[in-house]
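This is what each chain is made of:
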Amino acid sequence: MDFGTALKDWRTRRRLSQLDLALRAGTTQRHVSFMESGRSVPGRGMVLRVAESLELPLRERNGLLHAAGYAPTYPETRLDDPAIRPVLDGLRRLLDGHRPYPAIVVDRYGVLVAANDAFPLLTEGVAAELLEAPVDTLRLALHPRGMAPRVRNLDDWARHILERLRNDLARTPDERLAAQLAELEGYLPPASVPGPEHLGFAVPVRLATPAGELRLITAITTFATAADVTVSELKLETFLPADAETAERLHSISAVV
């Protein structure tokens, strides 16, 4: 896709007019129009400005640079590269500090990167093949041989997961993510009519365990100032007790282990 077409496509997806984008990027509507039509060749700095104004993820910013004929600005470091070790060490400290509550680190596609020692509490009874690396935590959550049989409010929790994926896809098209969404939708019956069970501020997952039902809410943390594609796509997902009973059960389980 050429730069002009890509720019117009992203602007349309963000529901911005040419004037809106021009004001955000510190340029003119005429310049935006000329860039989209191919009548103006933007400099590298302008490409980065419009990419930032469009709130593109770093991977997509590199893609826009490539479409304009420039080399990528943001590196994409492998997870096994020593240069990224300080980041992973920091995440490991966060994971350990979250005990006795489960916590995981996943990549852009929900593939497990790291987990604390409370995570197995969520995966009790899961089919062994679903825990073979690379572990797809989205599949793990909704697969009939994964966590799904133990989730007592599966319809509501699944709706929460699928809506999040649909929102991600609406903002940033991705063939692999679209395939994941289609797979997950295939595991579930048609959406039910009632609204989701909630606490007024979040949708909990109600998980059956030998120690009793756990009611957990999730929080997702990302690196807001990341300048590396890999780091920017890492997510720390923590599972917090939604009530005092769940907190007590998690602490009791931790004390036994």
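Scroll up a little and you will see the structure.
Quick summary incoming for the structure in this document. (Residues numbered from 1 in each chain as written. Predicted model: local features only at pLDDT ≥ 70, side-chain atom pairs only at ≥ 80, totals over all residues. Heavy atoms only, no water.)

With respect to the overall build of the protein
Basically, it comes down to this: Each helix is a run of DSSP H or I of at least 4 residues and each strand a run of E of at least 2, with the numbering of both proceeding from the N terminus. Classification of residues uses two cut-offs on accessible area relative to the type maximum, computed with a 1.4 Å probe and protein chains only: under 20% is buried, over 50% is exposed, and between them is partly exposed. By definition, residues are in contact when any of their heavy atoms lie within 4.5 Å.
Each helix and strand in the protein was counted, giving 11 helices and 5 strands. Projected onto the principal axes, the alpha-carbon positions of the protein cover approximately 65 × 50 × 35 Å. Per-residue burial for the protein yields a buried fraction of 45% across its 257 residues. Sequence separation of 24 or more characterises 56% of the internal contacts of the protein that already satisfy a separation of 6 or more.

Focus on helix α6 (residues 85-97)
Inclusion rule: Helices are assigned an expected span. That span is 1.5 Å times one less than the residue count. It is the directions from the helix axis to the C-beta atoms whose arc is reported.
Between its first and last C-alpha, α6 extends 18 Å over 13 residues, near the 18 Å set by a 1.5 Å rise per residue. Those residues of α6 not exposed but buried are L88, L91 and L95. Mapping the buried residues of α6 onto a view down its axis gives an arc of 60°, with all of them on the same face. Exposed residues pointing more than 90 degrees away from the buried face of α6 are listed as P86, R93 and G97.

Things to note about the pattern of salt bridges
Short version of the rule: Basic side-chain nitrogens of Lys or Arg form a salt bridge, by our definition, when they fall within 4 Å of a carboxyl oxygen of Asp or Glu.
What the rule picks out here adds up to 20 salt bridges. In this structure, D117 and R99 form a salt bridge, with 3.2 Å as the shortest nitrogen-oxygen distance. Remark: R99 occurs in the loop between α6 and β1 (103-106) and D117 occurs in the loop between β2 (112-115) and α7 (137-142); sequence separation between them is 18 residues. What emerges from the salt-bridge pattern is a single network uniting R59, E60, E76, R108, D174 and E233.

Comments concerning the sheet that holds strand β5 (residues 235-241)
What counts, and what does not: If DSSP finds at least two bridges between two strands, the strands pair. Note on definitions: angles span 0 to 180 degrees between N-to-C directions of axes, and those axes are lines fitted to C-alpha atoms, for helices only across the stretch in contact.
Ordered in space as β2-β1-β5-β4-β3, the 5 strands form an open sheet in which the pairing is antiparallel. A strand with exactly one partner marks an edge of an open sheet, and here the two such strands are β2 and β3 (205-207). Along the sheet, successive strands turn relative to each other by an average axial angle of 30°, direction set aside. Examined bridge by bridge, β1 and β5 share 4 bridges and lie antiparallel to one another. Bridge pairing in β5 links V105 to L236.

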